[in-house]
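Residues per chain, in single letters:
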Amino acid sequence: MNNKNQTILLLDDDEELCEAVSTYLSQNNYTVVVAHAPSVAYQIILKNKPDLILLDVMLPEEDGFNVCKKLVTDTDQYGFSPIIMLTARGDVFDRVIGLEIGASDYLPKPFEPRELLARIRSTLRQATLIKSSHITIEKNTVPSIGLFLDTQTNQVWLDGNLLNLTGMEYSLLSLFFQKPGTIINRDQIMDHLRGTDANIYSRAIDALVKRLRKKLKDESQKPRFIKTVWGRGYEFLGPDTNQPNSNIKNKHV
């Protein structure tokens, strides 16, 4: 796989780790740019717009959560780069926070280089599909009411507006589209998303659903799309529950 044109920004104040990760990723044909402080990283991002950011939680100046939130909420200035959080602390809550504020994935330290590489490839693959698909459908060709998902281009539209979903958010929504009217429990969601540590995901799933709901402008008390079934999981009510005769549907499934 030729990744030579893909640039990864590594923001971590551990110089030894940065050197080891940079060497390994360079051997796998990625261009790696290193920053040891957020102020330096912001300048790099503004100038170079990396394809992916590896972001440590424990940093000088400000922590990684603040950096992640700033980058995710100000895409007009910084552009969109998927973020993989690197968490030295083993606290599940830290990892949930990272996913909730917009990180695409997380990886606890210490980690195996091969696992880091696999997660980078997966995250970049999802991001590339989403970025490249943004020009393939004109806005006036999708319905103006309801939720529209095109699995061929990985685009999601809400009431005629294109949504900017992370890879995990899109993957979760695509699972819901496959099983409308069916209660999906957390174990099924975990298997679909990653199949990773259940102790982490049992809490992270709720954070992920909350973030997806926010982007869908969906209210948990009066759900339009995603209904919580207490003690059992979540039910996808359909692309547009307020328009029973709507022809909006999952395309190319």
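Further up the page is the structure itself.
Residues numbered from 1 in each chain as written. Predicted model: local features only at pLDDT ≥ 70, side-chain atom pairs only at ≥ 80, totals over all residues. Heavy atoms only, no water.

A separate point is the packing of helix α2 (residues 38-48) against helix α3 (residues 64-73). Interhelical geometry of α2 versus α3 gives an angle of 20 degrees and a closest axis separation of 11 Å. Comparing their axes, α3 and α2 come out roughly parallel. Regarding α2 and α3, the two cross each other, and that crossing is right-handed. Contacts between α2 and α3 involve P38, Y42 and I45 from the former and V67, K70 and L71 from the latter. Broken down by class, the residue content of the contact of α2 with α3 amounts to five nonpolar, no polar and one charged. (Axes fitted to C-alpha atoms, helices over the stretch in contact; angles between N-to-C directions. Helix = DSSP H or I, 4+ residues; strand = E, 2+ residues; numbered from the N terminus. Parallel < 35°, antiparallel > 145°, perpendicular 65-115°, else oblique. Left-handed = near helix turned anticlockwise from the far one by under 90°. Contact = heavy atoms within 4.5 Å. Nonpolar A, V, L, I, M, F, W, Y, C, P; charged D, E, K, R; others polar.)

Our next topic: the pairing of strand β10 (residues 226-229). Note: β10 against strand β11 (residues 233-236), four bridges, orientation antiparallel. Its bridge partner being in β11, K227 is matched across the sheet by E235. Where β10 folds back on β11, the antiparallel hairpin that results is connected by three residues, among which G231 adopts a positive phi of roughly 80 degrees. (Pairing = 2+ DSSP bridges.)

Our next topic: the layout of surface pockets. One number sums up the size of the largest pocket: a volume of about 550 Å³. Lining of the largest pocket is provided by 25 residues; of these, V72, I101, G102, R211 and K215 occupy positions nearest its centre. The set of elements that each furnish at least two residues to the lining of the largest pocket consists of α3, α4 (75-78) and α9 (198-215). Broken down by class, the residue content of the lining of the largest pocket amounts to 10 nonpolar, eight polar and seven charged. (1 Å grid on protein atoms, 1.4 Å probe; cavity = no way out; pocket = protein on both sides within 12 Å on 5 of 7 lines; lining within 4 Å. Points joined across faces, edges and corners; volume = space filled by probe spheres on them.)

If you trace the three strands from one edge of the open sheet to the other, you get β9-β11-β10, paired in antiparallel fashion. Across the chains shown, the open sheet's two edge strands, defined by having one partner strand only, are β9 (183-184) and β10. Pairing between β9 and β11: two bridges, direction antiparallel. Residue pairing in the sheet places I184 in a bridge with Y234 of β11. Each of β9, β10 and β11 touches helix α7 (residues 167-178); the most contacted strand, β11, lies at about 65 degrees to it.

What follows is about the packing of aromatic side chains. The full count for this structure, using the stated rule, is three aromatic pairs. Pairing F176 with F236 gives two aromatic rings, centres 6.1 Å apart and planes at 15 degrees, and the pair type is stacked. Residue F176 is located in helix α7, and its partner F236 is located in strand β11; the two are separated by 60 residues in the primary sequence. Note on accessibility: F176 and F236 belong to one class, buried. One aromatic cluster in this structure is built from F176, F177 and F236. (Phe/Tyr/Trp six-rings, centres within 6.5 Å; stacked < 30°, edge-to-face > 60°. Buried < 20%, exposed > 50% of the residue type's maximum accessible area, 1.4 Å probe, protein only.)

Across soluble globular proteins, you tend to see nonpolar side chains buried next to one another. With 25 residues, the main nonpolar core has L147, L173 and I226 as its most contacted residues. For this core, the elements supplying multiple residues, two or more each, are β6 (147-150), β7 (155-158), α7, α8 (186-193), α9 and β11. Setting aside anything within four residues of it in sequence, one finds L173 in contact with L147, L149, V156, L165, L212, L216 and F236. Ranked by size, the runner-up nonpolar core spans 21 residues in total, among them A35, I45, V57 and F65. (Core = buried A, V, L, I, M, F, W, Y, C linked by side-chain atoms within 4.5 Å.)

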